[in-house]
Amino acid sequence: MLNIRCPYCEEDRPEIEFRNAGEAHIARPDEPDRVDDRQWADFLYTRDNPKGWHAERWRHVHGCGRFFNAVRHSVDDRILLTYKAGEPKPDIERMLREREA
Ligand SMILES: [Zn+2]
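So, how was this worked out
Residues numbered from 1 in each chain as written. Predicted model: local features only at pLDDT ≥ 70, side-chain atom pairs only at ≥ 80, totals over all residues. Heavy atoms only, no water. Helix = DSSP H or I, 4+ residues; strand = E, 2+ residues; numbered from the N terminus. Buried < 20%, exposed > 50% of the residue type's maximum accessible area, 1.4 Å probe, protein only. Areas by Shrake-Rupley, 256 points an atom, 1.4 Å probe, with all protein chains shown as cover. Lys, Arg positive; Asp, Glu negative; His and termini not counted. Charge placed at Lys NZ, Arg CZ, Asp CG, Glu CD. Donors = N, O, S within 2.8 Å, 3.2 Å for Na, K, Ca; no water. Tetrahedral: all angles 85-135°; square planar, octahedral: opposite > 155°, others 65-115°.

Peer 1: Quick question: what am I supposed to make of the overall build of the chain here?
Peer 2: Counting its regular elements, the chain contains 2 helices and 6 strands. Along its sequence from the N terminus, the chain presents helices and strands in the succession β-β-β-α-β-β-β-α. A burial count over the chain gives 28% of its 101 residues as buried. Summing over all exposed atoms, the chain offers an accessible surface of approximately 7300 Å²; the carbon and sulfur share of this is 42%. Counting 18 positive and 21 negative side-chain charges, the chain places the centres of these two groups 2 Å from one another.

Peer 1: Honestly, the coordination of the zinc ion in this entry has me stumped. Any pointers?
Peer 2: Tetrahedral coordination by four donors places them ideally at 109.5 degrees to one another around the metal; octahedral coordination by six donors ideally gives 90 or 180 degrees. Within the protein, Cys6 (SG), Cys9 (SG), His60 (ND1) and Cys64 (SG) serve as the donor atoms for the zinc ion, at 2.1 to 2.3 Å. The coordination sphere of the zinc ion comprises 4 donor atoms, whose angles at the metal cover 102 to 116°; the geometry is tetrahedral. For the zinc ion, all donor residues lie on one chain, and their spacing in sequence is C-x2-C-x50-H-x3-C.

Spelled out as structure tokens, the structure:
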């Protein structure tokens with residue numbers, strides 16, 4: 001079973017307490033009235049689908065209920081780290097290099 005660390009509860013909890021909420025760091029356009037239909041559609045629907053490490057949103061639905069972000073490997077579900085919503089996207093490549101050193 002996959003265990004996920006909620007950065008708010010500061011506990012490792014079983015994955016059944018969480019819900020994936022898609023790619024992280026998708027910013028709503030500052031002025032939605034000024035974007036064209038293609039830009040708006042990209043905001044709503046276009047997401048990366050990498051094979052490997054990527055940042056995604058999760059929600060601790062059966063815990064504190066809060067959204068947070070996680071860097072997860074899409075092939076084997078390993079989680080590199082979790083961090084609170086609003087914190088900057090980590091430099092994943094640098095973190096991986098530092099782990100190997
Ligand atoms: Zn929590």
